[in-house]
Amino acid sequence: MSRSTVTTESAPVRLLLIGTAVAFLSLFLLLPLAAVFVEAFRKGWEVFLASLHEEAALDAIKLTLLAAGISVPLNTLFGVSAAWLVTKFKFRGRSLLVSLIDLPFAVSPVIAGLVWVLLFGAKGWFGHWLAEHDIKIIFALPGIVIATVFVTFPFVARELIPLMETQGSDQEEAAVTLGANGWHIFWRVTLPNIKWGLLYGVLLCNARAMGEFGAVSVVSGHISGETNTLPLHVEVLYNEYQFSAAFACATLLAFLALITLSLKTAVEHFTGHSSQNNH
Amino acid sequence: MSISIQSISKSFGAYAALEDISLEVPDGSLTALVGPSGSGKTTLLRIVAGLDFADPGPGKIAFHGEDVIDIPAAKRGVGFVFQHYALFRHMSVAQNIAFGLSVLPGAARPKKTEIRDRVKELLKLVKLEGLDLRRPHELSGGQRQRVALARALAIRPKVLLLDEPFGALDAQVRKDLRRWLRVFHDEIGLTTLFVTHDQEEALELSDQVVVMRNARIEQVGKPQTVYDHPRSPFVYEFLGNVNKLHAGKDVRYVRPHEIDVLFAAEFDPATDSLARVHHLFSAGPIATLTVKLGDGQFLDIELSRRHLAELSLSVGDEVAVRPPPFERGQS
């Protein structure tokens, strides 16, 4: 590629722009990340490992995995259905539905948690009925899952809708004329065409599900060993001045982010590669 | 199998895509639906396939006398070839062709070896032997088109429907494939309905031409008949180059090749008009001449290059032009 095109800036300008970007990224992304690890290991390996082996920490990890384990598959299902619905069918209110899917992104996480308290809390709309039937939602696992599902709903659908829109319905229609039923069409035609986009969406959904703080914080009740997820546990430790333990747990979340990022890059590499082959 | 379409209408909201369409496609024929974009031809094809639904009403679509309008597309037994092929891009050529057989319910599904044999047979039929393991993106446009055709034929359809089958191909490939399809159709003898916006394609390829315009059928007939005896000015203009001559309130349509060009000295006031050569174009077997009549109207004339050479004309020369006698093909 020639460097002497009209869109290329002169060397000093380029250096300045690159320098600014690097400085900004270092300050806002790398420095905090490094700080997490430095603080976590400040008192050495033993304290680090001990803080992860602590019962409350283990419970928090378990709860986080459980909540993500329930909400990510649910949102995969919802996301695929929603994307299928809005891209393969034309109906009234379609664009309204597309906007609604984005709602969780637009709403503050605190509100996203509070609505569930208002609905299912002890003094909420259904609070009385739930108490009568001895069903616990708020300050329990169901509440955490519901809040997580709400907050992470858009990821899969958002990823799939543009993808499926560009692909159109030609292949599905071809499959119909060849005698395929809906089941065959989904598994043998649609899914193979969207699998990378789907994986990408699921990854982002999972990262957010495990890292969500605001909404979960409102519905959790912070019962140590019961309703504290990993991000909430980090906060509790920090507020108790157990800095090393707090940062040790935070490294887990940082790792999750790094793993998600590298998988995401791998997926991008794959899809970039395969999209060159598609005309 | 013949296709019989009776009183089919289709509207999208207030917009009428098809208005009371009736059409007979004879058994074994190759019929072209031709018209400008928005004339409803693709909608009609999709309704025949069951991919779109006609407005409720008395409308009927029958294959060989059997009403199919309530039969879903998946069970209608129609071979459909899409404009952009719609090949399954994650499958090999062989898997694409085998798809229709592999989704048949348990009892009706042929054995794996039978499917393999059928795929081989179809690859041979469309002249793509040896390409079974390729992916669609490794094929040329013409090859993809033939894979799409083989895939559609694999289910032994009752009728074959092609939507702009050559629309996405280069001029040369298009011509070759067009000829090939005609021979191919005559070999397999399957009733075929295809959509095109290219009048030349429709005339050259089909047994029957259906000219559509604004949601209605304008004229149906053999290519020669429709070309020589257009029923309306629209068909006249759509099916080839035409001169529109205004004489007072009357309009006369004359095809460029129907006009004789003579030396000005041979001018016969009873039949001819005097004109001046405005433009000459002779880069093919047929030369095109544009002349300006005394009243300022322009006339396009097509003549053989040999004839043009005999006349040895250049821009600005005066000539006599003689349109055909008045009674033919007028409206």
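Residues numbered from 1 in each chain as written. Chains lettered and ligands numbered in written order. Predicted model: local features only at pLDDT ≥ 70, side-chain atom pairs only at ≥ 80, totals over all residues. Heavy atoms only, no water.

A word on the overall build of chain A
Then comes step 1: When helices and strands are tallied, chain A shows 14 helices and 0 strands.
Then comes step 2: Of the regular secondary structure in chain A, the N- to C-terminal order runs α-α-α-α-α-α-α-α-α-α-α-α-α-α.
Then comes step 3: For chain A, the spread of C-alpha atoms along the principal axes amounts to about 65 × 60 × 30 Å.
Then comes step 4: For chain A, long-range pairs separated by at least 24 residues make up 73% of all intrachain contacts whose partners lie at least 6 apart in sequence.
Then comes step 5: Accessible area for chain A stands at about 16000 Å²; split by element, carbon and sulfur atoms hold 70% of it.
Then comes step 6: The averaged location of the 19 negative side-chain charges in chain A is 9 Å from the averaged location of its 16 positive side-chain charges. (Helix = DSSP H or I, 4+ residues; strand = E, 2+ residues; numbered from the N terminus. Contact = heavy atoms within 4.5 Å. Areas by Shrake-Rupley, 256 points an atom, 1.4 Å probe, with all protein chains shown as cover. Lys, Arg positive; Asp, Glu negative; His and termini not counted. Charge placed at Lys NZ, Arg CZ, Asp CG, Glu CD.)

Here we look at the overall build of chain B
Then comes step 1: Assigned secondary structure in chain B consists of 9 helices and 17 strands.
Then comes step 2: Principal-axis analysis of the C-alpha atoms places the extent of chain B at approximately 80 × 50 × 30 Å.
Then comes step 3: Burial status across chain B gives 49% buried among its 331 residues.
Then comes step 4: Counting contacts in chain B only where the partners sit at least 6 residues apart, residues at least 24 apart contribute 63% of the total. (Buried < 20%, exposed > 50% of the residue type's maximum accessible area, 1.4 Å probe, protein only.)

Brief notes about the environment of Leu131(B)
Then comes step 1: Residue position: Leu131(B) is located in the loop between helix 3 (112–125) and helix 4 (141–153).
Then comes step 2: Apart from the residues within four sequence positions on either side, Leu131(B) is in contact with Val93(B), Leu139(B) and Gln143(B).

Focus: the packing of helix 8 (residues 141–152) of chain A against helix 11 (residues 182–211) of chain A
Residues and elements named next belong to chain A.
Then comes step 1: Relative to each other, helix 8 and helix 11 sit at 140 degrees, their axes nearing to 9 Å. Judged by the inter-axis angle, helix 8 sits oblique to helix 11. Handedness of the crossing formed by helix 8 with helix 11: right-handed. Between helix 8 and helix 11, the contacting residues are Thr148, Val151 and Thr152 on the first element and Cys205, Arg208 and Ala209 on the second.
Then comes step 2: Of the residues belonging to the contact of helix 8 with helix 11, the class tally is 3 nonpolar, 2 polar and 1 charged. (Axes fitted to C-alpha atoms, helices over the stretch in contact; angles between N-to-C directions. Parallel < 35°, antiparallel > 145°, perpendicular 65-115°, else oblique. Left-handed = near helix turned anticlockwise from the far one by under 90°. Nonpolar A, V, L, I, M, F, W, Y, C, P; charged D, E, K, R; others polar.)

Some thoughts on the pattern of salt bridges
Then comes step 1: Scanning all chains against the criterion turns up 21 salt bridges over all chains.
Then comes step 2: Of the charged contacts in the structure, one is a salt bridge between Glu39(A) and Arg42(A), with a shortest N-O distance of 2.9 Å.
Then comes step 3: A salt bridge links Arg94(A) to Glu165(A); its shortest N-O distance comes to 2.9 Å. One end of the pair, Arg94(A), is in helix 4 (residues 94–101); the other, Glu165(A), is in helix 9 (residues 154–167), and 71 residues separate them in sequence.
Then comes step 4: Arg94(A) sits in the partly exposed class, given a relative accessible area of 23%.
Then comes step 5: Several salt bridges share partner residues, and in doing so they unite Arg174(B), Arg178(B), Asp198(B), Glu200(B), Glu201(B) and Glu204(B) into one network. (Salt bridge = Lys/Arg side-chain N within 4 Å of Asp/Glu carboxyl O.)

Some thoughts on the interface of chain B and chain A
One frequently used descriptor of interface size is the decrease in accessible area upon assembly of the parts.
Then comes step 1: Every contact between the two is made by 23 residues of chain B and, on the other side, 19 residues of chain A.
Then comes step 2: Carbon and sulfur atoms make up 58% of the surface buried where chain B meets chain A, a total of about 2000 Å² over both sides.
Then comes step 3: As a salt-bridge pair, Arg46(B) and Glu173(A) come within 2.6 Å of each other at their nearest N and O atoms.
Then comes step 4: Seen at the junction of chain B and chain A, the total is 4 residue pairs in polar contact (both at pLDDT 80 or more).
Then comes step 5: Of all elements in the fold, only strand 6 (78–81), helix 2 (93–102) and helix 4 of chain B reach the threshold of two or more residues within the side of chain B that touches chain A. (Buried area = accessible area lost by both parts, 1.4 Å probe. Polar contact = N/O pair within 3.5 Å; in protein donor to acceptor, adjacent residues only side chain to side chain.)

Digging into the nonpolar core
Then comes step 1: Ile97(B), Leu149(B), Leu181(B) and Val211(B) are the most contacted members of the largest nonpolar core, which totals 46 residues.
Then comes step 2: Once residues lying within four places of it in the same chain are set aside, the contact partners of Ile97(B) are Val119(B), Leu122(B), Leu123(B), Val147(B), Ala150(B), Arg151(B) and Ala154(B). (Core = buried A, V, L, I, M, F, W, Y, C linked by side-chain atoms within 4.5 Å.)

Describing the side chain of Ser29(B)
Residue and element names in this part refer to chain B.
Then comes step 1: Counting through the fold element by element, Ser29 comes out in the loop between strand 2 (15–25) and strand 3 (30–34).
Then comes step 2: Ser29 gets classed as buried once you look at its relative accessible area, which sits at 7%.
Then comes step 3: A polar atom in the side chain of Ser29 sits 3.1 Å from the side chain of Thr31.
Then comes step 4: Once residues within four sequence positions are removed from consideration, Ser29 is found in contact with His185, Leu190, Thr191, Thr192 and Asp207.

Comments concerning unusual backbone geometry
Residue and element names in this part refer to chain B.
Then comes step 1: One non-glycine residue, Tyr85, lies in positive phi territory at about 70 degrees.
Then comes step 2: The topology assignment puts Tyr85 in the loop between strand 6 and helix 2.
Then comes step 3: Residue Tyr85 is classed as buried on the basis of its relative accessible area, which comes to 7%.
Then comes step 4: Unusually for a residue other than glycine, Ala86 sits at a positive phi of about 55 degrees.
Then comes step 5: Note on placement: Ala86 falls in the loop between strand 6 and helix 2.
Then comes step 6: According to the relative accessible area criterion, Ala86 is buried, its value standing at 5%.

Quick word on the sheet that holds strand 1 (residues 3–12) of chain B
Residue and element names in this part refer to chain B.
Then comes step 1: Across the sheet, 4 strands lie side by side as 2-1-4-5; this open sheet has antiparallel pairing. Two strands lie at the open edges of the sheet, namely strand 2 and strand 5 (66–67), each paired on one side alone.
Then comes step 2: In this structure, strand 4 (residues 60–63) lies alongside strand 5, joined through 2 bridges in antiparallel fashion. For Ala62, the partnering residue across the bridge sits in strand 5 and is Asp67.
Then comes step 3: The sheet strands contacting helix 1 (residues 41–49) are strand 1, strand 2 and strand 4, and the helix crosses strand 1 at an angle near 115 degrees. (Pairing = 2+ DSSP bridges.)

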